[in-house]
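Residues per chain, in single letters:
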Amino acid sequence: MLNLRRSLHCVIALCLPLALLACAHKQVEEQQQGATTQPERPAWMPPPLTSMAYSSRIGIMTVLDSEITHVTSGTAGIGNSTVASKAGFDLPGYVTQSLRKGILGNTPYQPVLVRPSARLVRDKLVWQKSWSESNQRFSDDWQKEFDAILKQNQLKLLIVISSPAEDDGIVGTAQDIVGSGYYSRSFFGKKQTAVFSTIHFYRIAGQPGKLLQPVSSPQERLYADLPNFPNPAPAPLPAPMQNSVNTAVKNMIDQKVGAFISLMK
């Protein structure tokens, strides 16, 4: 009986480490499996830019006109028009400060304002077309300019704010929209009015500088409601109507900034 007890003790002594090792191995496997079941980043969202060091310098370069644009779209393109007038507020300054506050409040980076070149101001509606997706480069002159800006200002990232012309997204209107303002549409007797903005935040990073994708978050909006607004609207707009348009444009800018910041988290 004594020998049997001693044998059992020996077996337990030998098996216990093996059992503990098996449990530990199982726990590691479960942890690894659990890690793989975490929600993945959406396909449209690039890797976060938090790999940049804290307090990395991010340049903000704004090339916008301080204008409010009234776009009119008629049935089948008949009666289309685009009229721009001076904004009742500093639109470029508002966009710049909204983005600056968004970066400071939601990222660990240091935004700095960078003055655009005369060439970029002149070509603010078309410079984006110099980017080649297949070559992953800008055309030579633009590549040299952006590389120099990044290097001279010691930037990890350059954000160029511009507002190109875009299709209005409505079939059959044959109408483009550009800038920020309000859009009036008449379609077989049905009338609609909305505020719009084609402002985008283009991120350029690296040496040589590359345009980071996507340019726009799916959360960004092209249109927003402009309730209780007459169609057709009087020209020029009375002060209360102008103020409502300005407020709606500012709200849309803030929404675009918030959507853009999501790309940097």
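Residues numbered from 1 in each chain as written. Predicted model: local features only at pLDDT ≥ 70, side-chain atom pairs only at ≥ 80, totals over all residues. Heavy atoms only, no water.

**Describing the sheet that holds strand β2 (residues 67-73)**
Next up, step 1: Read across the open sheet, the five strands follow the order β3-β2-β10-β11-β14; overall the sheet is mixed. Both outer strands of the open sheet, β3 (81-86) and β14 (223-225), are each paired with one neighbouring strand and no more. Averaged over neighbouring strand pairs, the angle between their axes works out to 25 degrees when direction is ignored.
Next up, step 2: The sheet strands contacting helix α5 (residues 239-261) are β2, β10 (180-187), β11 (190-197) and β14, and the helix crosses β11 at an angle near 55 degrees. (Pairing = 2+ DSSP bridges. Helix = DSSP H or I, 4+ residues; strand = E, 2+ residues; numbered from the N terminus. Axes fitted to C-alpha atoms, helices over the stretch in contact; angles between N-to-C directions. Contact = heavy atoms within 4.5 Å.)

**Here's the deal with the sheet that holds strand β7 (residues 157-162)**
Next up, step 1: Pairing within the open sheet is mixed, and its five strands lie in the order β4-β1-β7-β12-β13. Bordering the open sheet on either side are β4 (110-113) and β13 (210-211), each of which pairs with just one other strand.
Next up, step 2: Here strand β12 (residues 200-205) pairs with β13 via two bridges, running antiparallel. Among the inter-strand pairings, I204 is bridged to a residue of β13, identified as L211.
Next up, step 3: Here helix α4 (residues 140-152) sits on the sheet in contact with β1 (57-62), β7 and β12, set at roughly 125 degrees to β7.

**With respect to the side chain of S162**
Next up, step 1: Tracing the backbone shows S162 in strand β7.
Next up, step 2: At 3.2 Å, the side chain of S162 forms a polar contact with the side chain of W127.
Next up, step 3: Look past the residues within four positions of S162 in its chain and what remains in contact with it is V63, L64, K124, W127, Q128, T198, I199, H200 and Y202. (Polar contact = N/O pair within 3.5 Å; in protein donor to acceptor, adjacent residues only side chain to side chain.)

**As for the packing of aromatic side chains**
Next up, step 1: Throughout the structure, instances matching the rule amount to ten aromatic pairs.
Next up, step 2: For the pair W127 and F146, a centre-to-centre distance of 5.5 Å together with 65 degrees between the ring planes defines the contact as edge-to-face. You can see W127 sitting in the loop between α3 (118-122) and β5 (131-132) and its partner F146 sitting in helix α4, a full 19 residues away along the chain. F146 shares its class with W127; the two are buried.
Next up, step 3: Ring pairing ties together the aromatic residues W127, W131, F138, W142, F146 and Y202, which thus form one cluster.
Next up, step 4: The side chain of R119 reaches across the aromatic face of W142, ending 3.8 Å from its centre. (Phe/Tyr/Trp six-rings, centres within 6.5 Å; stacked < 30°, edge-to-face > 60°. Buried < 20%, exposed > 50% of the residue type's maximum accessible area, 1.4 Å probe, protein only. Lys NZ or Arg CZ within 6 Å of the ring centre and 35° of its normal.)

**Quick look at the pairing of β11**
Next up, step 1: In this sheet, β11 lies alongside β10 in antiparallel orientation, the contact comprising eight bridges. Bridging across to β11, S186 finds its partner in K191.
Next up, step 2: Bridge analysis of β11 against β14 gives three bridges, and the strand direction is antiparallel. Bridging from a neighbouring strand, V195 pairs with A224 of β14.

**Details of the nonpolar core**
Next up, step 1: Within the largest apolar cluster, 35 residues are counted, with the highest numbers of intra-cluster contacts made by L91, L99, I159, I161 and F201.
Next up, step 2: Those elements giving two or more residues to this core turn out to be β1, α2 (91-106), β7, β12 and α5.
Next up, step 3: Here this core gets eight residues from one element, more than from any other, and that element is α5.
Next up, step 4: Setting aside residues up to four positions removed in sequence, I159 forms contacts with I58, G59, I60, M61, L99, I103, F201, Y202, R203 and F260.
Next up, step 5: Within the second largest apolar cluster, 19 residues are counted, among which are L120, W131, W142 and I149. (Core = buried A, V, L, I, M, F, W, Y, C linked by side-chain atoms within 4.5 Å.)

**Looking at α2**
Next up, step 1: Taking 1.5 Å of rise per residue, 16 residues should cover 22 Å, and α2 covers 22 Å from first to last C-alpha, within 8% of that figure.
Next up, step 2: For α2, the full list of buried residues reads L91, P92, V95, T96, S98, L99, G102 and I103. Buried residues of α2, seen end-on, are gathered within an arc of 165 degrees and therefore sit on one face of the element. Counted as exposed and oriented over 90 degrees from the buried face of α2: K101 and G105.
Next up, step 3: By the N-cap criterion, in which a side-chain oxygen at the helix start approaches the backbone nitrogen of a residue two or three places on, α2 is capped by D90, the distance to G93 being 3.0 Å. (Expected span 1.5 Å × (residues − 1). Arc of directions from axis to C-beta.)

**Some details on the pattern of salt bridges**
It is possible for side chains bearing opposite charge to pair when their charged atoms get close.
Next up, step 1: Tallying each qualifying case throughout the model produces four salt bridges.
Next up, step 2: Among the ionic pairs, K124 bridges to D65, the shortest N-O distance being 3.7 Å. Of the two residues, K124 sits in the loop between α3 and β5 while D65 sits in the loop between β1 and β2, which places them 59 residues apart along the sequence.
Next up, step 3: Among the residues examined, K124 registers a relative accessible area of 16% and is labelled buried.
Next up, step 4: In this structure, the salt-bridge partner of D123 is R122, at a minimum N-O distance of 3.1 Å.
Next up, step 5: Residue D123 is classed as buried on the basis of its relative accessible area of 19%.
Next up, step 6: Judged by its relative accessible area of 61%, R122 is exposed. (Salt bridge = Lys/Arg side-chain N within 4 Å of Asp/Glu carboxyl O.)

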